[in-house]
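# What the coordinates show
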Amino acid sequence: MLIRVPKKSEIKEHELTPESVYHSRRDILKKLGIVTATLPFAAQSQANIFDIFGGDDEKKADVIFERSALTAKPSIYGADLPLTPEKKVLTYNNFYEFGTGKNDPVENSQSFSVDPWKLEVTGLVNNPISLTYDDLLKRFTLEERLYRMRCVEAWSMNIPWIGFSLGDLIRAADPLGSAKYVAFETLYDPKQMPGQASQFVGGGIDYPYVEGLRLDEAMNDLTLLSVGLYGQTLAPQNGAPVRLVVPWKYGFKSIKSIVKIHLLESQPATTWNLLARHEYGFYANVNPQVDHPRWSQGSERFIGEGSIFSSRRQPSTMFNGYQDEVASLYKGMDLRSNY
Ligand code: MTE
């Protein structure tokens, strides 16, 4: 494991901050002895992967969607991780509903409407729930967590998310004993999402984008429903108004702009598994020992300061470094066949 992430805990600070002030909070944590030094990254060379998720274009797009400031409880999740600059988190994206290029989501989503919104929790529950846009921001205690994100394409970012544990929402819905899996669905609205209106723009995906977790994965403390990042509500290109963040799995599990969460007995279908079953499994746990059929998963380009093209390589880590928190979920499982 590259960096040890402390267990959930709180510190006394009540305002969330934009990137500029974020760094001073980290200095305070350092003085309190909470932050440990990050390990040096091993320089590794690896041939460029064939990037099936689209190009690496880093154009400068206008970010004009208005985000609102959010207040959230800080946590010490990832307090010692180097941040990916906010600008990169906002402009280098995968969101095929808005196009397959890395810059397409920011360019094509700035007029996306996120309020009103309805997120429904249905299926094997005693208490089905329907959340409005306001509920998403107010019903649960919001927490800020800096997580690593590792894309299956072998690049990574460290992002300060704001959100609440998916487990809090599922507990409120009161699952039946027969519930074993959780299915997620993105909004289907081809008028607003050009990738859903055209197979060409949307990369040939059969929309809506769907994802799934086992119920125990969904209930794990790390699993976050995010409504914001860098101190503000989410931008459309990052999955506004609410998206999943499962930091020990490849990024494609972290489904964006969710409208449905459905509890069920059997394993649900997932978008990338439907598209290329032998390349993208249901589990999709970050695992440097199990390569993608077309490229190595042993290392990743960390997107930090500087040009995306010159980003440094670092070794990838089992469960993306969250082994302490999640390894027990997979005890006795063959993680090579359950990729
Ligand atoms: N969710 C939907 N609905 N559509 C997508 O195309 N892309 C996934 C995931 N969630 C995707 C999605 C992939 S491949 C990744 S790596 C992450 O979102 C990227 O999240 P980010 O753009 O906020 O960094």
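In this report, we go over the structure that sits alongside the text. As the structure is a prediction and not an experimental result, all values here were calculated from the model. (Residues numbered from 1 in each chain as written. Predicted model: local features only at pLDDT ≥ 70, side-chain atom pairs only at ≥ 80, totals over all residues. Heavy atoms only, no water.)

Our focus in this paragraph is the overall build of the protein. Looking only at helices and strands, the protein has nine helices and 13 strands in total. Evaluated residue by residue, the protein yields a buried proportion of 58% over its 339 residues. Once local pairs closer than 6 in sequence are excluded, the contacts in the protein between residues at least 24 apart make up 76%. Here the protein has roughly 14,000 Å² of accessible surface; of this, 52% comes from carbon and sulfur atoms. (Helix = DSSP H or I, 4+ residues; strand = E, 2+ residues; numbered from the N terminus. Buried < 20%, exposed > 50% of the residue type's maximum accessible area, 1.4 Å probe, protein only. Contact = heavy atoms within 4.5 Å. Areas by Shrake-Rupley, 256 points an atom, 1.4 Å probe, with all protein chains shown as cover.)

The subject of this paragraph is the sheet that holds strand E3 (residues 129-132). Sheet architecture is open: five strands sit in the order E3-E2-E11-E6-E7, paired in mixed fashion. Edge positions in the open sheet fall to E3 and strand E7 (210-214), since each of these has one partner strand only. Sheet twist, expressed as the average angle between the axes of neighbouring strands with direction ignored, equals 15 degrees. In this sheet, E7 lies alongside strand E6 (residues 181-186) in antiparallel orientation, the contact comprising five bridges. Pairing of valine 182 across the sheet is with leucine 213, part of E7. Along the sheet face, helix H5 (residues 166-173) touches strand E2 (118-123), E3, E6, E7 and strand E11 (258-264) and points at about 135 degrees away from the line of E3. (Pairing = 2+ DSSP bridges. Axes fitted to C-alpha atoms, helices over the stretch in contact; angles between N-to-C directions.)

A few words on the site of the ligand. For the ligand, the set of nearby residues contains 17 residues, the closest of which are Asn93, Tyr96, Glu97, Ser254 and Lys256. Separating an oxygen atom of the ligand from a backbone N or O atom of tyrosine 96 is a distance of 2.8 Å. Interatomic distance of 2.7 Å between a side-chain N/O atom of lysine 256 and an oxygen atom of the ligand. Against a free-state accessible area of 540 Å², the protein chains account for coverage of 99% of the ligand. Tallied by class, the residues present in the shell around the ligand amount to eight nonpolar, six polar and three charged. (Near = heavy atom within 4 Å. Polar contact = N/O pair within 3.5 Å; in protein donor to acceptor, adjacent residues only side chain to side chain. Nonpolar A, V, L, I, M, F, W, Y, C, P; charged D, E, K, R; others polar.)

With 92 residues, the main nonpolar core has Leu166, Leu169 and Ile261 as its most contacted residues. In terms of residue count, the dominant contributor to this core is strand E5 (residues 155-165) (six residues). Leave out the neighbours within four places in its chain, and isoleucine 261 touches Leu119, Glu120, Val121, Thr122, Leu166, Leu169, Val182, Ala183, Phe184 and Leu225. (Core = buried A, V, L, I, M, F, W, Y, C linked by side-chain atoms within 4.5 Å.)

Along the chain, glutamate 279 falls in the loop between helix H8 (271-275) and strand E12 (299-302). Residue classification places glutamate 279 among the buried residues on the basis of a relative accessible area of 14%. Among the polar contacts listed, one links the side chain of glutamate 279 to the side chain of histidine 292, at a separation of 3.3 Å. A polar contact of 2.7 Å, which involves the side chain of glutamate 279, links it to the side chain of arginine 294. For glutamate 279, the contacting residues outside a window of four places in its chain are His292, Pro293, Arg294 and Tyr339.

Note that the residue after aspartate 115, namely proline 116, is joined by a cis bond; omega there is 10 degrees. Notably, asparagine 320 is not glycine yet its phi reads approximately 60 degrees, a positive angle.

The quantities given are spatial measurements derived from coordinates; they are silent on function.
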